[in-house]
Amino acid sequence: MKKFTLFVLICVISGSSYVLWQITIPTLSPSPSPTLSPSPSPTLSPSPSPTPSPTPTDNNGVQSIRIAAFNIQIFGRSKRNKTDVMEALIRIAREFDVILVQEIRDSSEETAHYFLQLINEASDHTYEYIRSERLGRTTSKEAYAYFYNNKTVDFIEGSDFVYNDTDDVFEREPYIANFKSGSFDFTLVGIHVKPDDAYAEIGNLTLVVQYMLETRPEERDIVVLGDFNADGSYFDEEDSSNPFKAHVFFWVVTNEIDTMTKTDWTYDRMVMLNTTYNQEYIDDSAQVFYYDLEYGLDNEEFVRAISDHYPIYAEFRTDLVDDD
């Protein structure tokens, strides 16, 4: 497998110091960038090789799962006490087989477990979750959590960890976990990028992917997802000079898509290598889940009480021969 090395000199704004990245990544043949089509309907009222779970099948016999990321904006005690908001969040979570939840802010560390209980009380399926510790350099810390339908997805026991950020590049280090559905085994790298450090943090995600390829060479289905703050004043989405914009990385949530409830910016992203993009990823399936349109919510204040973000998601086939 050919490799290339990128040398990038970046000025880190918060400290006037300079970081030189030397990044070596397996060279993967590129494919054309996909285009997205947003979705719009209802109303609110343990082991390394687990047994594959059954997965949903469409009319053509294709088995697939939906993987999502959702920044639930200050998800803690206050939001937990809003019954109508929680009903909407529960319904949203159940739309997906795996959903990365970001911005869990709760010093009591009760919110993720409480959310799981409500999801399961309202569902015929049983969900489980894994959660990171609270992360951040200040007293305002956040946790990540992956909620997953245990009938369609298996968590690989003991595989989750917080990336060891020895150079303190990330405000909230990526939370990484391995899952399996049918014959599709995959690694999710969840991240909530600090807005003011967006260029440097996004660029250093290259190092996280490289670390995963080196430490788990048998696993190349790596999907990086979350709130990148990759637009607006924080990040020039048209600038291709960032290391994580190299041709080996496929940004399936593209710049034309609005992922925010208040603006038309594309903060939330999903990125993968071509081993996934050309195999399990279902073409043009990456979308934004516009819950206001889906659930007929016309009260803007209520929509924004749910979050200032919409979930992003994509569909992946689980019935193909494992390619790694």
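From a predicted model like this one, the values you see are computed outputs, not experimental measurements. (Residues numbered from 1 in each chain as written. Predicted model: local features only at pLDDT ≥ 70, side-chain atom pairs only at ≥ 80, totals over all residues. Heavy atoms only, no water.)

### Brief notes about the overall build of the protein chain
A tally of helices and strands in the protein chain yields seven helices and 15 strands. Classification of the 324 residues of the protein chain by burial places 56% in the buried group. Surface exposure of the protein chain reaches about 13,900 Å², of which carbon and sulfur atoms provide 47%. (Helix = DSSP H or I, 4+ residues; strand = E, 2+ residues; numbered from the N terminus. Buried < 20%, exposed > 50% of the residue type's maximum accessible area, 1.4 Å probe, protein only. Areas by Shrake-Rupley, 256 points an atom, 1.4 Å probe, with all protein chains shown as cover.)

### Let's talk about the packing of aromatic side chains
If you walk through the whole model with that rule in mind, you get 32 aromatic pairs. Each ring, one from Tyr148 and one from Phe155, has its centre 6.4 Å from the other, and the planes form 45°; the classification is tilted. The exposure class assigned to Phe155 is buried, which follows from its relative accessible area of 9%. On the numbers, 5.8 Å between centres and 55° between planes, the contact of Phe155 with Phe179 is tilted. With Phe155 in strand S7 (residues 154-155) and Phe179 in strand S9 (residues 175-181), this pair connects stretches of sequence that are 24 residues apart. For the pair Phe155 and Phe179, a shared accessibility class is recorded, and that class is buried. Here a set of aromatic residues connected by ring pairs shows up, and it is made of Tyr144, Tyr146, Tyr148, Phe155, Tyr175, Phe179, Phe184, Phe186, Phe250, Tyr277, Tyr281 and Phe316. (Phe/Tyr/Trp six-rings, centres within 6.5 Å; stacked < 30°, edge-to-face > 60°.)

### Focus: the pattern of salt bridges
Two side chains carrying opposite charge are able to pair once their charged atoms lie near each other. Overall, the coordinates contain 14 salt bridges when judged by the stated rule. The partner of Lys194 in a salt bridge is Asp197, with the nearest N and O atoms 3.9 Å apart. In this structure Lys194 comes out as partly exposed when scored by relative accessible area, which is 25%. A salt bridge links Arg269 to Glu237, with the nearest nitrogen and oxygen atoms 2.9 Å apart. (Salt bridge = Lys/Arg side-chain N within 4 Å of Asp/Glu carboxyl O.)

### Thoughts on the sheet that holds strand S15 (residues 312-317)
Spatial strand order, S5-S6-S4-S3-S15-S14: six strands in an open sheet with mixed pairing. One side of each edge strand has no neighbouring strand; the edge strands of this open sheet are strand S5 (127-131) and strand S14 (287-288). Two strands pair when backbone bridges link them, and strand S4 (residues 98-104) and strand S6 (residues 143-149) are joined in this way by five bridges, in the antiparallel orientation. What sits directly across from Val101, in S6, is Ala145. Across the sheet, helix H2 (residues 83-93) is in contact with strand S3 (64-75), S4 and S5; its angle to S3 comes to roughly 155°. (Pairing = 2+ DSSP bridges. Contact = heavy atoms within 4.5 Å. Axes fitted to C-alpha atoms, helices over the stretch in contact; angles between N-to-C directions.)

### A word on the confidence of the model for the protein chain
Of the residues in the protein chain, 82% reach a pLDDT of 70 or more, and the chain-wide mean stands at 87. Every residue in residues 1-23 is under pLDDT 50, and counting partners more than four places away or in other chains gives 56 contacts. The low-confidence segment residues 25-52 (pLDDT under 50) makes 86 contacts with residues lying over four places distant or belonging to another chain. (pLDDT = per-residue confidence, 0-100.)

### Things to note about the environment of Ile130
The residue Ile130 is located in strand S5 in this model. Residues Ile130 and Ala112, 18 residues apart in the sequence, show an inter-C-alpha distance of 8.9 Å. In contact with Ile130, not counting residues within four places along its chain, are Tyr144, Ala145, Tyr146, Phe155, Asp160, Tyr175, Ala177 and Phe179.

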